[in-house]
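If you want the building blocks of each chain, they are given just below.
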Amino acid sequence: MGDQAVRLTKLRERFDELGIDALLVTQAENRRYLSGFTGSAGALFITEDRAIIATDSRYWEQAKQQAPDFELAQLTTRLEDHPGELVEKVGQPKRIWFESAAVTVDQLSIWTNANVGVEWIATKDAVEPIRAVKDVHEVEAIRKAVALGDAGFDYLCGILKPGMTEREAAWELEVYLRTHGADALAFKIIVASGPNGAMAHHRAGDRAIQRGEPILLDFGVVIDGYCSDLTRTVSLGNGDAKYAEVYQVVRRAQQTALDGIRAGLTGVQADALARDVIGALNYGDAFGHGLGHGVGLAVHEAPRAGKSATEPLPAGATLTVEPGVYLPGWGGVRIEDLVIVREDGVDVLSKAHKRSTI
């Protein structure tokens, strides 16, 4: 049984729990995960005994090649505007469940007002819990992406110098990543030097990097559809006493989390492992975001580790472990590794060094 067949079986096993008998999948990563189809337009229609991929003429041949186990419904109109054609081609079902997180209010209004004899029913998280647990082929792709990210970080550490702008550093890193196997970047590279590091998701700008200040680097690549995510903070030469202190706080918090996370902990409990350390060292107010998130076909996906993440972490899931401290006017420190959650701990995929100075 191929990867897609196994995944469809797991999805169908959830139908009774979710009260579903016909699911329309339009979320891009879910569509790819279940079918193998990488086109930018189309939908899957899945019941207990049918698996249909519906797309327009731009993607008919691609769908045949990438999703050979799916029936192809050849659409001549846009599903977004004319749901009737899809409904007709899949056999005029009376009820269709749709992914509420992937359908806008305007989209649902169009479908509802089309009067095609279907009751449209919202559901959520039908596919995402299955995607959260990675199979061997997914882990292989993620390991490749992580390894390239590690190599890119080592490369950048070798060329960073005072006077180089954040934008120049980001470009040098992007060129390296793309010429050494990246299919794409997972997100825009973050290079946040000095006070810019107080903004957790600062975008690289024209500020010149200076000696002795924190430089926060956050980036990821995509290989075979799967993402990596890595953050390191470094200084060109020794930083000030504040940098040494904050770096050790974050490093200690991260190591505590890495040592304590295991399958079955809730995302709240995992988050608290790092958050309690930072709070005890009087920087709790400076750690505002969650500890981490899953990484796979999307760079942010289930599971989550944060103050409101009540679901347990499943064995086999990926998770970033990325505590940070951000001080306006001074800068920030974040250290992030990507791990696989196991029953007895975590497998740390990221191997990039964690030296605070270079």
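Reading guide: rules and limits
Residues numbered from 1 in each chain as written. Predicted model: local features only at pLDDT ≥ 70, side-chain atom pairs only at ≥ 80, totals over all residues. Heavy atoms only, no water. Helix = DSSP H or I, 4+ residues; strand = E, 2+ residues; numbered from the N terminus. Rg over C-alpha atoms; globule rule 2.2 N^0.38 Å. Buried < 20%, exposed > 50% of the residue type's maximum accessible area, 1.4 Å probe, protein only. Contact = heavy atoms within 4.5 Å. Polar contact = N/O pair within 3.5 Å; in protein donor to acceptor, adjacent residues only side chain to side chain. Axes fitted to C-alpha atoms, helices over the stretch in contact; angles between N-to-C directions. Parallel < 35°, antiparallel > 145°, perpendicular 65-115°, else oblique. Left-handed = near helix turned anticlockwise from the far one by under 90°. Pairing = 2+ DSSP bridges.

Next up on the list: the overall build of the protein chain. In terms of helices and strands, the protein chain carries eleven helices and 19 strands. In summary, the protein chain has a C-alpha radius of gyration of 23 Å against a globular reference of 21 Å for 358 residues, a match within 12%. Each of the three principal axes of the protein chain carries a C-alpha extent, and together these read 70 × 40 × 40 Å. Out of the 358 residues belonging to the protein chain, those deemed buried represent 55%. In the protein chain, the proportion of contacts linking residues at least 24 apart, taken out of those at least 6 apart, comes to 65%.

A word on the environment of Ser-235. As for its placement among the helices and strands, Ser-235 is situated in the loop between strand 12 (230–234) and helix 10 (241–260). A C-alpha to C-alpha distance of 13 Å links Ser-235 and Val-246, two positions eleven residues apart in sequence. With residues near it in sequence (within four places) discarded, Ser-235 still touches Gly-212, Glu-213, Tyr-243, Ser-356, Thr-357 and Ile-358. Of note is the side chain of Ser-235, whose polar atom sits 2.7 Å from the backbone oxygen of Gly-237.

Another aspect to go through is the packing of helix 8 (residues 136–159) against helix 9 (residues 166–179). With their axes 10 Å apart at the nearest point, helix 8 and helix 9 run at an angle of 135° to one another. Taken together, the axes of helix 8 and helix 9 lie oblique to each other. Helix-helix and strand crossings are classified by hand; for helix 8 and helix 9 the assignment is right-handed. Contact residues: Leu-148, Ala-151, Gly-152, Phe-153, Tyr-155, Leu-156 and Ile-159 in helix 8; Ala-169, Glu-172, Leu-173, Tyr-176 and Leu-177 in helix 9.

Let us look at the sheet that holds strand 8 (residues 190–193). One open sheet accounts for three strands, arranged 8-9-12; its pairing is antiparallel. Edge positions in the sheet fall to strand 8 and strand 12, since each has one partner strand and no second. The average undirected angle you get between the axes of adjacent strands in this sheet is 10°. Sheet analysis places strand 9 (residues 215–219) next to strand 12, joined by five bridges and oriented antiparallel. Across the sheet, residue Asp-218 finds its bridge partner in strand 12, namely Thr-231. Taken strand by strand, helix 9 contacts strand 8 and strand 9, and its axis lies near 150° from that of strand 8.

None of the figures reported here should be taken as evidence of function without further support.
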